[in-house]
Amino acid sequence: MSRVWLITGSNRGLGRAFAEKAASLGDKVIAGTRKIDLGDDFYQNENVLPVKMDVTNPQEISEAVQAGAKRFGSIDILINNAGYGISGAFEEVSEKNLRQLFETDYFGVTRVIRAVLPIMRRQRSGRILSVASQAGVMGFLGSSAYCSAKFAVVGLTQALREELAPFGIQVSVICPGSFRTDFRDKSSMQFADKEIADYKDSNVHRASLFLKEHNHRQEGDPGKAASFIAEILSREILPKRIMIGKNCCTAVRDDLERQIEEIDSYQKKSSMTDFME
């Protein structure tokens, strides 16, 4: 039996890879995108419905979800993929740009989930996967703004997993490492709008320079990532967090081990101390 996928940011990168994989399986795809390219051959597939969906626009989200559910009868899988990044020292990122980032990367996720939940609750089934990042479980210098938004997505999905389980809805978060997408293009990556002299020769700026110089040179293959996610979706129970990529898995495991060692360094004293007044 075919399933119905709703995928945001489906016009390129991982979003397109997920959409193409879903269609190749014979499933139906509600392909959310900020701008529909009617010349795109992918949209000629009768099982693919392109919908205009800017995740910062509640009206477009509502209309897209309704159109998709009307066309295909249900929404079984939601993949929140739309988003962009900001690189630079935290002091160099303006509050305006930080808020704009959260409007897309965090509140965009919450808006789409809110729009889809009534359908999934009525069905008493559904799967919600939100694309965060390795930067959503580890802090990276030069990406403090981006990390904060993705950490928020990870926290949200982990709590929703518990809230929505009684309705038969499974929630998970996808945390990819580096993949060859357009993510580091100007259309998907912003850089701090001012420079502070003290950071000029710092590792923060070196990190930003690395992103600029290694665009489209990442090791990860989006198509293989999509196949991996399709395989994960065949499981009866989804993992809470889905790391994608060998380097990503290794780095996260190492970071978790360091966190455990740190807790061990004070746990005995913390447990023995009476913190109550």
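Residues numbered from 1 in each chain as written. Predicted model: local features only at pLDDT ≥ 70, side-chain atom pairs only at ≥ 80, totals over all residues. Heavy atoms only, no water.

Participant: Explanation requested: the nonpolar core in the structure shown.
Facilitator: Considering soluble globular proteins, one finds that nonpolar side chains tend to be buried as a cluster. Judged by nonpolar contacts, the single largest core of 38 residues is most densely connected at Leu6, Ile75, Leu78, Val112, Ile113, Val116 and Ile128. Beyond its immediate sequence surroundings of up to four residues, valine 116 is in contact with Leu6, Val65, Ile75 and Leu78. In this structure, Leu14, Ala17, Phe42 and Ala225 belong to the second largest nonpolar core, which totals 26 residues. (Core = buried A, V, L, I, M, F, W, Y, C linked by side-chain atoms within 4.5 Å. Buried < 20%, exposed > 50% of the residue type's maximum accessible area, 1.4 Å probe, protein only. Contact = heavy atoms within 4.5 Å.)

Participant: Explain helix H5 (residues 144–164) to me, please; I cannot follow it from the model alone.
Facilitator: Within an α-helix, residues lying three or four positions from one another point in the same direction, as the helix has 3.6 residues per turn. Between its terminal C-alpha atoms H5 stretches 30 Å, which fits the 30 Å expected from 21 residues at 1.5 Å a residue. Of all the residues in H5, the buried ones are Ala145, Tyr146, Cys147, Ala149, Lys150, Val153, Val154, Leu156, Thr157, Leu160, Arg161 and Leu164. Structurally, H5 contributes buried residues whose contacts are with strand S5 (85–87), helix H3 (95–105), helix H4 (107–123), strand S6 (126–131), strand S7 (169–176) and strand S9 (241–244). (Helix = DSSP H or I, 4+ residues; strand = E, 2+ residues; numbered from the N terminus. Expected span 1.5 Å × (residues − 1).)

Participant: Help me understand the packing of helix H2 (residues 58–72) against H4, please; the structure alone is not making it clear to me.
Facilitator: How two helices sit against one another is set out by the angle between their axes and by the gap between those axes. At a minimum axis separation of 9 Å, H2 and H4 run at an interaxial angle of 35 degrees. You can see that H2 and H4 cross each other, and the crossing is right-handed. Packed against H2, whose contacting residues are Pro58, Ile61, Val65 and Ala69, the element H4 presents Arg111, Val112, Ala115, Val116 and Ile119 at the interface. Taken together, the residues of the contact of H2 with H4 sort by class into 8 nonpolar, no polar and 1 charged. (Axes fitted to C-alpha atoms, helices over the stretch in contact; angles between N-to-C directions. Left-handed = near helix turned anticlockwise from the far one by under 90°. Nonpolar A, V, L, I, M, F, W, Y, C, P; charged D, E, K, R; others polar.)

Participant: I keep staring at the sheet that holds strand S2 (residues 28–33) and nothing clicks. Help me out?
Facilitator: Sheet strands pair by backbone hydrogen bonding; their relative direction is either parallel or antiparallel. Spatial ordering of the open sheet is given by S3-S2-S1-S4-S6-S7-S9, a layout of 7 strands whose pairing is parallel. Edge positions in the open sheet fall to strand S3 (48–52) and S9, since each of these has one partner strand only. Pairwise comparison of adjacent strand axes, ignoring direction, gives a mean angle of 20 degrees for this sheet. Pairing of S2 with S3 involves 5 bridges; the strand directions are parallel. Its bridge partner being in S3, alanine 31 is matched across the sheet by proline 50. Most of the contacts of H5 go to S7, to which it runs at about 160 degrees, and overall it touches S6, S7 and S9. (Pairing = 2+ DSSP bridges.)

Function cannot be read off these values alone, since they describe shape.
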